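Residue strings, one per chain:
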Amino acid sequence: MNRQERRRQKKLQERRGGGGPLKDDAAQNTFQQAMGVHQQGDVAGALALYRSILDSNPQHADTLALAGMACCQIDDLDGGIDYLQQSVAIAPNNLDAQFNLGQAFEAMERFEDAIKPYLKVAELEPGNVDVHFHLGTVYHSLEQDEEAAQHLRQVIAAMPDHADALSNLGAALKGLDEFDEAEQVLRKALALKKNDGVTLSNLGTVLKELNRLDEASEIHQRAVTLLPDYAEGHGNFGNTLSQQGLLEKAIEHFERALTLNPDIIEIRSNYCFALLKSGRFKKGWQAYSTRWQWKGFDHPTRPFENPHWQGEPLQGKTILVWGEQGIGDELMFASMFSDLLKQADTVIVETDPRLVPLFQRSFPTMTTVARDNPPDPTLLDKKIDYQIPSGELGKYLRADRADFPKQAGYIKADDHDTERLRETYKKLGNDAAVIGVSWRSGNDVVGEKRSAALQLWGPILATSGCFFVNLQYGNVKPFLEEFKKETDIEVYCDDDVDPLKNMDLFSAQIAAMDLVISIDNSTVHSAGSLGVPVWTLLAAAPDWRWGQDQDSSYWYPNMKLFCQETLGEWSSVFDAAEVALENLINQAN
């Protein structure tokens with residue numbers, strides 16, 4: 001072996017981080033033979049030789065590493081991982097083995113497992129661009145986009161024209177809601193790879209979030225034309241079309257996406273919402289049944305073991321309905337309780353404790369039980385024939401638009417509290433129309449989009465002939481006091497009513513109103529269920545339950561809808577509501 005070959009072997013040995021020559025000369029010769037066969041492309045032949053070496057030298061790290069690589073090359077990833085894990089346990093500084101182990105885990109979508117070997121490579125070789133690229137990809141797959149962006153920026157610092165790193169960084173920035181920078185980065189990637197469908201699809205999504213919907217739609221069309229079998233691309237296009245109100249086209253792309261990959265849960269949820277919003281209730285409710293699998297749907301199921309009701313006849317039967325999601329959802333789905341009471345012998349409802357007095361008063365023949373953990377023992381009775389979550393009732397009771405009854409008010413507030421509060425407000429307002437207002441949503445996901453800053457309400461709250469009462473939950477008194485200083489407009493805040501603690505009294509407060517004006521939150525569901533006239537101010541492309549292209553609600557006949565034309569632009573909504581309120585007051589006078 002000459003000096004140059006010795007240096008090459010030493011460098012290779014340092015990169016492998018251990019293993020050393022085999023003590024058995026025959027095994028060493030076989031090892032050299034195996035590497036030669038491997039380099040010539042006979043992977044199966046090389047693997048057989050590696051295994052023969054390991055029969056007598058099971059702890060030889062280099063042979064284990066090469067056997068692992070060979071397994072991965074013939075798509076035996078489980079076998080490859082087994083060999084590679086043994087190798088790095090013996091020689092943890094073997095860069096090639098650690099990197100190959102990370103790649104094997106990544107190929108199996110075991111992203112959490114891939115991080116450790118990749119980080120080991122990055123620790124030993126900080127300037128390794130490939131490992132930073134893979135770390136960025138893996139972290140993004142785990143939705144840990146801050147870490148993803150950190151590693152991808154290192155790649156781009158070393159290789160500014162790395163198109164895939166730019167594309168992945170744009171996707172990570174999208175996940176961090178850094179939409180302006182994401183657009184810039186994705187456009188740089190496209191300048192290098194003009195017809196990259198995945199990058200185009202991500203850019204389209206970013207433009208949707210920036211509310212540039214026409215531009216987004218054009219980009220998405222290019223993406224699905226280039227990649228017609230890319231399920232995520234069709235799903236992203238469907239989201240933009242839904243935002244534009246083009247629900248039928250959106251549904252076509254969602255269905256195409258789910259044909260290509262039925263396991264993408266986020267697409268399935270968006271498909272469901274598009275179906276329900278477009279009035280295709282039968283298919284929509286069917287898709288709604290998968291909500292427990294949806295990303296972000298963190299509402300727990302209940303531990304009842306009774307058979308699930310699937311529309312069977314209920315005569316002579318007992319059915320348990322358990323409430324789900326938030327107060328507003330429970331109130332909306334309660335509109336179907338009367339249908340059940342006409343069919344079943346006994347209806348039992350488990351609900352949020354705050355709703356128990358309301359439901360007991362509104363449905364006196366129904367048994368109402370407060371939700372608790374563990375559940376009330378009476379609900380675990382095996383003699384109960386069926387159980388069903390309240391949101392599932394629509395599948396059997398609201399399969400068509402015609403199934404929604406024109407029932408204006410199915411929840412009953414306490415008459416005494418209602419009358420007492422109404423007399424108080426009428427007296428304070430000098431017999432003016434009593435109007436309740438609410439302007440903020442507490443929804444963690446879409447609350448900001450739905451909410452309308454109190455300052456936007458000035459023209460409405462300045463309408464003469466009205467006495468405005470705060471219906472906004474939470475500690476908002478400081479905001480109202482500041483608003484009064486700025487505008488000299490007062491919104492009365494009744495300190496005795498706290499909807500977060502006493503829904504029964506809050507319902508009486510709403511029932512005391514002549515009109516409720518609110519953004520999309522639980523207040524409008526309370527008003528709608530009580531039969532109180534309510535005007536709901538909606539952001540563009542609102543929630544599925546408000547339907548499409550209409551100014552009324554099929555859930556609440558006493559509700560009028562005012563919807564943005566462009567996301568974030570509230571001026572037209574408040575202008576229309578202000579005119580409507582002035583007309584209402586003038587007619588009353």
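Residues numbered from 1 in each chain as written. Predicted model: local features only at pLDDT ≥ 70, side-chain atom pairs only at ≥ 80, totals over all residues. Heavy atoms only, no water.

Participant: Hey, could you run me through the overall build of the protein in this one?
Facilitator: In terms of regular secondary structure, the protein is built from 28 helices and 9 strands. Its C-alpha atoms give the protein a radius of gyration of 32 Å, more than 25% over the compact-globule value 25 Å for 589 residues. Dimensions of the protein along its principal axes, counting C-alpha atoms only, are 105 × 60 × 45 Å. A burial count over the protein gives 51% of its 589 residues as buried. Considering only contacts within the protein whose residues lie at least 6 apart along the sequence, 61% involve residues at least 24 apart. Carbon together with sulfur atoms contributes 47% to the accessible area of the protein, which is approximately 27,800 Å² in total. Computed over 57 positive and 87 negative side-chain charges, the separation of the two mean positions in the protein equals 3 Å. (Helix = DSSP H or I, 4+ residues; strand = E, 2+ residues; numbered from the N terminus. Rg over C-alpha atoms; globule rule 2.2 N^0.38 Å. Buried < 20%, exposed > 50% of the residue type's maximum accessible area, 1.4 Å probe, protein only. Contact = heavy atoms within 4.5 Å. Areas by Shrake-Rupley, 256 points an atom, 1.4 Å probe, with all protein chains shown as cover. Lys, Arg positive; Asp, Glu negative; His and termini not counted. Charge placed at Lys NZ, Arg CZ, Asp CG, Glu CD.)

Participant: What's the story with the pairing of strand S8 (residues 534–538) in this structure? I'm lost.
Facilitator: Residues in a regular strand point their side chains to alternate faces of the sheet. When you tally the buried positions in S8, you get 5 out of 5 residues, the bulk of the element. Residues Val 534, Thr 536 and Leu 538 line one face of S8 and the alternating positions Trp 535 and Leu 537 line the opposite face, and both faces are buried. Sheet analysis places strand S7 (residues 515–519) next to S8, joined by 4 bridges and oriented parallel. By the bridge assignment for S8, Val 516 is matched with Val 534. The β-α-β motif built from S7, the intervening helix H27 (residues 522–530) and the parallel element S8 has right-handed crossover chirality. Two strands pair when backbone bridges link them, and S8 and strand S9 (residues 559–563) are joined in this way by 5 bridges, in the parallel orientation. Paired with Leu 537 across the bridge in S9 is Phe 562. (Pairing = 2+ DSSP bridges. Right-handed = clockwise from strand over helix to strand, strands pointing away.)

Participant: What exactly am I supposed to notice about the sheet that holds strand S4 (residues 386–389) here?
Facilitator: Sheet strands pair via backbone hydrogen bonds, and the direction of the pair is either parallel or antiparallel. Across the sheet, 4 strands lie side by side as S3-S2-S1-S4; this open sheet has parallel pairing. Of all strands in the sheet, those bounded by a partner on one side alone are strand S3 (367–370) and S4. Neighbouring strand axes in the sheet, compared pairwise and without regard to direction, differ in orientation by 20° on average. As paired elements, strand S1 (residues 318–322) and S4 share 4 bridges and run parallel to each other. Along S4, the bridge assignment pairs Leu 320 with Gln 387. (Axes fitted to C-alpha atoms, helices over the stretch in contact; angles between N-to-C directions.)

Participant: Just to check I follow, could you spell out the environment of Asp 229 for this structure?
Facilitator: Note that Asp 229 resides in the loop between helix H13 (213–226) and helix H14 (231–243). Taking the relative accessible area as the measure of exposure, Asp 229 reaches 55% and is therefore exposed. Along the chain, Asp 229 and Asn 586 lie 357 residues apart, while their C-alpha atoms are 59 Å from each other. Polar side-chain contacts of Asp 229 include one of 2.7 Å to the side chain of Arg 256. (Polar contact = N/O pair within 3.5 Å; in protein donor to acceptor, adjacent residues only side chain to side chain.)

Participant: For this particular structure, what's the right way to read the sheet that holds strand S6 (residues 466–470)?
Facilitator: On the basis of which strands lie adjacent, the open sheet formed by 5 strands has the order S6-S5-S7-S8-S9 and parallel pairing. Of all strands in the sheet, those bounded by a partner on one side alone are S6 and S9. Going from strand to strand, the sheet's axes swing by 20° on average, the running direction of each strand aside. With respect to the sheet, helix H22 (residues 415–428) is in contact with strand S5 (433–438) and S6, its orientation differing from that of S5 by roughly 105°. Set on the sheet, H27 makes contact with S5, S7, S8 and S9; between it and S7 the angle comes to about 150°.

Participant: Is there a simple way to explain the layout of surface pockets in this structure?
Facilitator: Gaps between atoms show up when a probe of the same size as a water molecule is rolled over them. For the second largest pocket, the calculated volume is near 380 Å³. Along the walls of the second largest pocket sit 23 residues, with Ala 540, Ala 541, Pro 542, Cys 563 and Gln 564 positioned nearest its centre. Elements with a minimum of two residues in the lining of the second largest pocket: H14 and S9. In terms of residue class, the lining of the second largest pocket is made up of 10 nonpolar, 10 polar and 3 charged. (1 Å grid on protein atoms, 1.4 Å probe; cavity = no way out; pocket = protein on both sides within 12 Å on 5 of 7 lines; lining within 4 Å. Points joined across faces, edges and corners; volume = space filled by probe spheres on them. Nonpolar A, V, L, I, M, F, W, Y, C, P; charged D, E, K, R; others polar.)

Participant: Honestly, the packing of helix H4 (residues 61–73) against helix H5 (residues 77–90) in this entry has me stumped. Any pointers?
Facilitator: To characterise two packed helices, one gives the angle between the axes of the helices and the distance between these axes. Look at H4 against H5: their axes get within 7 Å of each other, and the N-to-C directions meet at 160°. As far as their axial angle goes, H5 and H4 are roughly antiparallel. Helix-helix and strand crossings are classified by hand; for H4 and H5 the assignment is left-handed. Contacts between H4 and H5 involve Ala 61, Leu 64, Ala 65, Ala 67, Gly 68, Met 69, Cys 71 and Cys 72 from the former and Leu 77, Gly 79, Gly 80, Tyr 83, Leu 84, Gln 86, Ser 87 and Ile 90 from the latter. For the contact of H4 with H5, the residue count by class is 11 nonpolar, 5 polar and no charged. (Parallel < 35°, antiparallel > 145°, perpendicular 65-115°, else oblique. Left-handed = near helix turned anticlockwise from the far one by under 90°.)

Participant: Teacher, can you tell me more about H13 here?
Facilitator: Because each turn of an α-helix spans 3.6 residues, side chains separated by three or four positions in sequence point in the same direction. For H13, built from 14 residues, the straight-helix expectation of 20 Å at 1.5 Å per residue is met to within 8% by its first-to-last C-alpha distance of 20 Å. Looking at the buried positions of H13, the neighbouring elements they touch are helix H12 (197–209), H14 and helix H15 (247–260). (Expected span 1.5 Å × (residues − 1).)

Participant: Could you clarify how one ought to interpret the pattern of salt bridges in this entry?
Facilitator: Oppositely charged side chains may form a pair once their charged atoms are brought near each other. Considering all chains together, one arrives at 32 salt bridges under this definition. Glu 324 is the partner of Arg 291 in a salt bridge, and the nearest nitrogen-oxygen pair spans 2.7 Å. Within this pair, whereas Arg 291 is found in the loop between helix H17 (281–288) and S1, its partner Glu 324 is found in the loop between S1 and helix H18 (327–333), the two being separated by 33 residues in sequence. Put simply, Asp 329, Arg 450, Asp 520, Asp 543 and Arg 545 are held in one network by salt bridges that share partners. (Salt bridge = Lys/Arg side-chain N within 4 Å of Asp/Glu carboxyl O.)

Participant: Just to check I follow, could you spell out the side chain of Ser 390 for this structure?
Facilitator: You can see Ser 390 is positioned in the loop between S4 and helix H21 (394–397). A relative accessible area of 3% places Ser 390 in the buried class. Those residues in contact with Ser 390 that sit more than four places away from it in its chain are Val 321, Trp 322, Gly 323, Glu 324, Phe 333 and Met 336.

Participant: Looking at this structure, I do not really get unusual backbone geometry. What am I missing?
Facilitator: What is expected of a backbone is that most residues other than glycine have negative phi and most peptide bonds are trans. Here the residue pair Asn 373 and Pro 374 is connected by a cis peptide bond, since its omega of 0° sits within 30 degrees of zero. One can find Pro 374 in the loop between S3 and S4. A positive phi angle is found at Glu 143, which is not glycine, with a value near 60°. One can find Glu 143 in the loop between helix H8 (129–141) and helix H9 (145–158). Its relative accessible area of 52% is what places Glu 143 among the exposed residues. Even without being glycine, Gln 325 reaches a positive phi, approximately 65°. Assignment of secondary structure puts Gln 325 in the loop between S1 and H18.

These values are about where atoms sit, not about what they do.
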